[in-house]
Amino acid sequence: MERKHLIVITAVVVLLVGATYGYLEFNRGVAGTASMPVQEKVTAGELLADFQTDEAAANQRYVGMTEQVVQVSGTIRAMEPLGTGVTNVVLETGDDLAGIVCEFQDEEVPTDWRSGTDVSIKGICTGLLLDVVLVRCVAVENK
Amino acid sequence: MRTLAYLTLALAMLPASLSAQERFATRNGHINFFSGTPVENIEADNNKVTSVFDASTGAIEFAALIKAFEFEKALMQEHFNENYMESNTHPKANFKGKVSGFTAADAMKAGSYDVDVSGDLTIHGVTKPLTTKATFVVNADGTIKANSDFSVRPEDHGIAIPGVVRKNIAEQIKVKVDLTYARM
């Protein structure tokens, strides 16, 4: 009788743990960039050059199979608040035709950032359109 | 500087003889897609769509990075990229087409215009024709706000959905496009 109870209790516990894990995993939110490990550190100019030289190889390195964090350092070319809750911080690349566009939530943009400020940014690299695009960006530090 | 980048894209896609006055561009366009079923709703947004529109010819083009679509739930985003869109193999979606019912003269005066859009939509490496309606609103500041809603069938673009989750994903995915163009 005791053994039967033990089996039932074990089965219920296993079921509860499994169900809880499944529920939490299903509802898991997208990870915050600040808490994710940095996979690559690169300057803005190098990042653009890598994409322009070999886009497929750069996608493999910086975009990856699963989303990964890239830390980019450079000088701010432009700050572009879009009025939709996000601000684009565009980094100089040495190429007038293309930049590194880093999408921040407005509240994540340090208030002392201006055009010409040297910065370091963590973000999820999503690839190359006209510019290299990083989303969910956060400031690392003012250099 | 950034205008120069738009110009480069425009020159690549449009006849060089056209006046830049009639070209419009954005790199912050928005695409939302929504899949609604009794089992679950799936929705994602991409705020980094690049597009160029030439009002003199009606030529329009836009491109989006698949990995720039953001979901509320991480698991949905992972499945979207890895299992369905295979975004490592097909990192971009794009549309190339033509707008009819809107002229260069319309772009010079504020107002709302119902237009037709037709062209080729490439998703997951598969190109299919797309014809839809859109609204172009010319604002007093000279910008053009373009909106369009249409539906896409995943299977039309070679996106395989396993039978076990078929009821979780709508047969027709609703797509909303919002682009605010600035004159180049």
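Owing to the predicted nature of the structure, the values given are computational and were not obtained by experimental measurement. (Residues numbered from 1 in each chain as written. Chains lettered and ligands numbered in written order. Predicted model: local features only at pLDDT ≥ 70, side-chain atom pairs only at ≥ 80, totals over all residues. Heavy atoms only, no water.)

## Considering the interface of chain A and chain B
Okay, step 1: Opposite the 31 residues of chain A that make contact, chain B presents 30 residues.
Okay, step 2: Summing both sides of the interface, chain A and chain B together bury roughly 2700 Å²; the carbon and sulfur share of this comes to 55%.
Okay, step 3: Viewed at the interface, chain B and chain A are joined by three salt bridges.
Okay, step 4: The salt bridge partner of E55 of chain A is K92 of chain B, with a shortest N-O separation of 2.8 Å.
Okay, step 5: The interface formed by chain A and chain B contains ten residue pairs in polar contact (both at pLDDT 80 or more).
Okay, step 6: Secondary structure elements with two or more residues in the side of chain A that touches chain B: α1 (2-26), α3 (55-63), β2 (69-81), β3 (86-91), β4 (100-105), β5 (118-128) and β6 (132-142) of chain A.
Okay, step 7: Its residues assigned to classes, the side of chain A that touches chain B comprises 13 nonpolar, eight polar and ten charged. (Contact = heavy atoms within 4.5 Å. Buried area = accessible area lost by both parts, 1.4 Å probe. Salt bridge = Lys/Arg side-chain N within 4 Å of Asp/Glu carboxyl O. Polar contact = N/O pair within 3.5 Å; in protein donor to acceptor, adjacent residues only side chain to side chain. Helix = DSSP H or I, 4+ residues; strand = E, 2+ residues; numbered from the N terminus. Nonpolar A, V, L, I, M, F, W, Y, C, P; charged D, E, K, R; others polar.)

## Digging into the side chain of T143 of chain B
Residues and elements named next belong to chain B.
Okay, step 1: Mapped onto the fold, T143 is located in the loop between β7 (126-138) and β8 (144-152).
Okay, step 2: Judged by its relative accessible area of 17%, T143 falls in the buried class.
Okay, step 3: Within polar-contact distance, the side chain of T143 engages the side chain of D141 at 2.7 Å.
Okay, step 4: With residues up to four places along the chain from it excluded, the contact list for T143 reads V137, V138, T180, Y181 and A182. (Buried < 20%, exposed > 50% of the residue type's maximum accessible area, 1.4 Å probe, protein only.)

## Side note on the pattern of salt bridges
One side chain can pair with another of opposite charge once the charged atoms of both are near each other.
All names here are of chain A.
Okay, step 1: The full count for this structure, using the stated rule, is twelve salt bridges over all chains.
Okay, step 2: R77 is the salt-bridge partner of E92, the closest N and O atoms lying 3.1 Å from each other. Of this pair, E92 sits in the loop between β3 and β4 while R77 sits in strand β2, and the two are 15 residues apart along the sequence.
Okay, step 3: Residue E92 is classed as partly exposed on the basis of its relative accessible area of 35%.
Okay, step 4: Residue classification places R77 among the buried positions, given a relative accessible area of 14%.

## Topic: the confidence of the model for chain B
Low pLDDT marks regions whose predicted coordinates should not be analysed in detail.
Residues and elements named next belong to chain B.
Okay, step 1: Scored by pLDDT, chain B has a mean of 90; 89% of the residues are at 70 or more.
Okay, step 2: Below a pLDDT of 50 lies the segment residues 14-18, which in the model reaches twelve contacts outside its immediate sequence neighbourhood of four places, other chains included.
Okay, step 3: Model confidence for the complex: the whole-complex pTM is 0.84, and ipTM, which rates the interface, is 0.80. (pLDDT = per-residue confidence, 0-100.)

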